[in-house]
Amino acid sequence: MDRNLQRQVASMRKALFDQGYLDEQFIQLEDLQDDANPNFVEEIVTLFYTDSAKLIRNIENALENNPTDFERLDDYMHQFKSRSSSIGAKKVKTECTQFREYCNAGNAEGCTRTFQQVKQELATLKRKLETYFEIARQTCT
């Protein structure tokens, strides 16, 4: 194994936590990974992104409805927040909480604005994790 790659993976992982992208739930996922399933965390994260696409579309469609159905929006975002929490997506989860607060206040503009932030944080985390997993896989070869 290349020590430089190992250091790079460790540094990237630390940065994801230091910058607030991930929380302790990600560590719990890593604890479930073993030699029998060395790509467990990557597989779970990939499933999260696949499953989340439908919820994102549902939220987008619900935001276009007039009048706004805040109860439905809140339900969709609750589901999305739970899924985000399950992989330790800290910044995404924080934006989801803000979105739900706007739902509870009946603030459609706040929901729309915050949803853009949710999608941005989701995309940023995806890019960072894809890079992290790609380099991590190289340390196993």
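Residues numbered from 1 in each chain as written. Predicted model: local features only at pLDDT ≥ 70, side-chain atom pairs only at ≥ 80, totals over all residues. Heavy atoms only, no water.

Draft legend 1. The layout of surface pockets, seen in detail. What the largest pocket holds in volume is close to 300 Å³. Among the elements of the structure, helix H1 (3-18), helix H2 (24-32), helix H3 (40-64) and helix H6 (108-139) are those that each provide at least two residues to the lining of the largest pocket. For the lining of the largest pocket, the per-class residue count stands at nine nonpolar, three polar and four charged. Roughly 160 Å³ of volume is contained in the second largest pocket. In terms of lining residues, the second largest pocket is bounded by Glu42, Val45, Thr46, Tyr49, Lys126, Leu129, Glu130, Phe133, Glu134 and Arg137. Elements represented by at least two residues in the lining of the second largest pocket include exactly H3 and H6. No other element matches H6, which puts six residues into the lining of the second largest pocket. (1 Å grid on protein atoms, 1.4 Å probe; cavity = no way out; pocket = protein on both sides within 12 Å on 5 of 7 lines; lining within 4 Å. Points joined across faces, edges and corners; volume = space filled by probe spheres on them. Helix = DSSP H or I, 4+ residues; strand = E, 2+ residues; numbered from the N terminus. Nonpolar A, V, L, I, M, F, W, Y, C, P; charged D, E, K, R; others polar.)

Draft legend 2. Quick peek at the UniProt feature "coiled-coil region" (unreviewed entry) in the chain. Under the UniProt annotation, "coiled-coil region" (unreviewed entry) lies at residues 108-135. Segment residues 108-135 splits into 100% helix and 0% strand. End C-alpha atoms: 41 Å apart. (UniProt positions renumbered as here; feature names shortened; annotations may be inferred.)

Draft legend 3. Inspection of the UniProt feature "modified residue: Phosphohistidine" (unreviewed entry) in the chain at higher detail. UniProt's feature table lists "modified residue: Phosphohistidine" (unreviewed entry) at His78, given in the numbering used throughout. Relative to the helices and strands, His78 resides in helix H4 (residues 70-87).

Draft legend 4. The arrangement of the pattern of salt bridges in detail. Inspection of every chain in the model, using the stated rule, returns seven salt bridges. A salt bridge links Asp18 to Lys14, with the nearest nitrogen and oxygen atoms 2.5 Å apart. Of the two residues, Asp18 and Lys14 are both situated in helix H1; the distance of four residues between them amounts to about one turn of the helix. Of the charged contacts, one joins Glu42 and Arg137 as a salt bridge, the two residues approaching to 2.3 Å between their closest N and O atoms. Remark: Arg137 occurs in helix H6 and Glu42 occurs in helix H3; sequence separation between them is 95 residues. Relative accessible area serves as the criterion here: at 19%, Glu42 is assigned to the buried category. (Salt bridge = Lys/Arg side-chain N within 4 Å of Asp/Glu carboxyl O. Buried < 20%, exposed > 50% of the residue type's maximum accessible area, 1.4 Å probe, protein only.)

Draft legend 5. Looking closely at unusual backbone geometry. Here Asn66 and Pro67 are connected by a cis peptide whose omega angle stands at 5°. As for its position among the elements, Pro67 is in the loop between H3 and H4.

Draft legend 6. The arrangement of the packing of aromatic side chains in detail. Counted by the stated rule, this structure contains five aromatic pairs. An aromatic cluster is built from Phe48, Tyr49 and Phe80, whose rings are joined through pairwise contacts. Cation over ring: Lys91 sits above Tyr21, and NZ or CZ is 4.1 Å from the ring centre. (Phe/Tyr/Trp six-rings, centres within 6.5 Å; stacked < 30°, edge-to-face > 60°. Lys NZ or Arg CZ within 6 Å of the ring centre and 35° of its normal.)

Draft legend 7. Region of the structure containing the nonpolar core. Membership of the largest hydrophobic core comes to 38 residues, with the highest contact counts inside it found for Phe26, Phe80, Phe99 and Leu129. Those elements giving two or more residues to this core turn out to be H1, H2, H3, H4, helix H5 (90-105) and H6. (Core = buried A, V, L, I, M, F, W, Y, C linked by side-chain atoms within 4.5 Å.)

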